[in-house]
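Here is how the chains run, residue by residue.
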Amino acid sequence: MRSIWNGAISFGLVSIPIKLVNATESHSISFRQIHLADGGRVRYRKVCELDGEEVSGAEIGKGYEEADGSVIPITDEDLAQLPLATAKTIEIMSFVPAEEIDPLQMDAAYYLAANGATAAKPYTLLREALKRSRKVAIAKFALRGRERLGMLRVVDDVIAMHGLLWPDEIRAPEGVAPDAEVTVRDAELDLADALMATLGEVEMESLHDDYRDAVEAMIAAKAGGAFEPAEATVEPAGGQVIDLMAALEKSVRAAKASRGEGAGGAEDESGAGAGAGAEAEAEVTPMRRRSGGTGRKTAAAPKAVGGKKSTAASAKKTASSAGAASKKKTATTAKSGTAKSGTTKSTSTASAKKAGTKKAGTAAGAKKAGTAAGAKKAAAPRKRASA
């Protein structure tokens, strides 16, 4: 990799010759400006305002414009002669825990490469010291015409330096936070924790730029003449009042489903249980109620079954009574023989069995059978008395 700056790390009395190498690169797709009428390229030409002629890069220098509009020329030699210790040196000032560095201060990143064989030993010494202390080094250095802050840390077996913004370059977040006072309940926090736990961690190496892939595919399609633009689906704008608890529960279920886990309720993870659902109006799908007639019919089913059982029992009881009456009748009648008595008994027994087997007879039939049995029972004493 090509170095963009050569200098040294000043580590107390130790000086480590290094080369500064860009640690990052941009993969964004660049576009050119064209004339829409004919597709011609539109370029920016650097033209001198005094003579109107185009100026090459070798003829362009730096200048500072004062308030009255006058310009003071500044050369690279002028900047190199400034009495700064950081002109060609990364000067380490202190070592601090990494968590004390505000990520808002992070700027461009660089690798520091040892410059020469003599730099290998002090370079390794600083690297191992950073590893063992679990701290980062805060340094000052000058690059591209200005002095900057830097943070040195170890990445694998290399010392990396992150450019840092100066503290006064970080704007205070005034007027950014919501003005209204909002209270967050423990149940909502539990669901948020469950969602965080369900989403889990991600391997940074697996992330990629989907937008860049889509742009490259579109360029390839247009180059081949087979590009057909599709209508983009525009989601409705915000401003809708949502049930936060229901939204969190849905998010937990969706995250579990995407990870191939069971789509159980949020209480499985958060422990919020029914308490969380009772406090908020989560979406509940109501069961469809059956029609009134069907409901009554269903409710009356057990009674109908019970009625059938009692009807069968009554039929058996009635058949028994009829058999007893028949026996008395055959015993008191002199004209009836033994065969006739047996026939009468078997006939009544068969009727009783038939009534018990069917057990689908209605209550009206049972009542009728009982009435008939009563009539026979009432008729028996009269013949007995006549005998």
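Treat the numbers as computed from the prediction; the structure is a model and nothing was measured.

(A) Molecular detail of the nonpolar core. Within the largest apolar cluster, 20 residues are counted, with the highest numbers of intra-cluster contacts made by Ile9, Ile18, Ile90, Leu112, Leu126, Leu152 and Met161. Only strand E1 (3–11), strand E2 (14–22), strand E5 (89–97), strand E6 (106–114), helix H2 (120–133), strand E7 (135–143) and strand E9 (158–164) provide two or more residues apiece to this core. Among the elements that line this core, the one with the most residues is E7, at four residues. Contact partners of isoleucine 9, with chain neighbours within four places excluded, come to Val14, Ser15, Ile16, Ile18, Ile90, Ile92, Leu112, Leu126 and Leu152. Formed by eight residues, the second largest nonpolar core is a distinct cluster that contains Ala187, Ala194, Met245 and Leu248.

(B) Layout of the pairing of E6. With five bridges connecting them, E2 and E6 associate as antiparallel partners. Paired with valine 21 across the strands is tyrosine 111, a residue of E6. Two elements, E6 and E9, share five bridges in a ladder whose sense is antiparallel. Its bridge partner lying in E9, alanine 109 is registered against histidine 162.

(C) How the structure looks around the sheet that holds E2. Judged by pairing direction, the barrel is mixed, and its seven strands sit side by side in the order E1-E2-E6-E9-E8-E7-E5 before closing back on the first. Direction aside, the axes of adjacent strands within the sheet are offset by 40° on average. Where E7 lies against strand E8 (residues 146–155), seven bridges are found, and the strand directions are antiparallel. Each residue of the ladder has a partner; that of phenylalanine 141, found in E8, is arginine 148. On top of the sheet, H2 reaches E1, E2, E5, E6, E7, E8 and E9; it is set at about 85° to E2, its chief contact.

(D) Representation of the confidence of the model for the protein within the structure. Summing up the model confidence of the protein, the mean pLDDT is 73 and the portion of residues at 70 or higher is 64%. Put simply, helix H7 (residues 273–279) is where the protein has its lowest mean pLDDT, 41, and E9 is where it has its highest, 96. In this model residues 263–319 is a low-confidence stretch, pLDDT under 50, and it forms 45 contacts with partners more than four residues away in sequence or in other chains. Taken as a whole, residues 324–387 scores under 50 in pLDDT and shows 20 contacts with residues more than four places along the chain or in a different chain.

(E) Highlighting the side chain of histidine 162. Here histidine 162 is to be found in strand E9. With residues up to four places along the chain from it excluded, the contact list for histidine 162 reads Met106, Ala108, Ala109, Leu149, Gly150, Met151 and Arg153.

(F) Quick peek at unusual backbone geometry. Residue arginine 134 is not a glycine yet carries a positive backbone phi of 55°. Mapping arginine 134 onto the fold places it in the loop between H2 and E7. Of note in this structure, aspartate 156 is not a glycine but carries a positive phi near 60°. Assignment of secondary structure puts aspartate 156 in the loop between E8 and E9. The exposure class assigned to aspartate 156 is exposed, which follows from its relative accessible area of 67%.

Definitions and cut-offs
Residues numbered from 1 in each chain as written. Predicted model: local features only at pLDDT ≥ 70, side-chain atom pairs only at ≥ 80, totals over all residues. Heavy atoms only, no water. Core = buried A, V, L, I, M, F, W, Y, C linked by side-chain atoms within 4.5 Å. Buried < 20%, exposed > 50% of the residue type's maximum accessible area, 1.4 Å probe, protein only. Helix = DSSP H or I, 4+ residues; strand = E, 2+ residues; numbered from the N terminus. Contact = heavy atoms within 4.5 Å. Pairing = 2+ DSSP bridges. Axes fitted to C-alpha atoms, helices over the stretch in contact; angles between N-to-C directions. pLDDT = per-residue confidence, 0-100.

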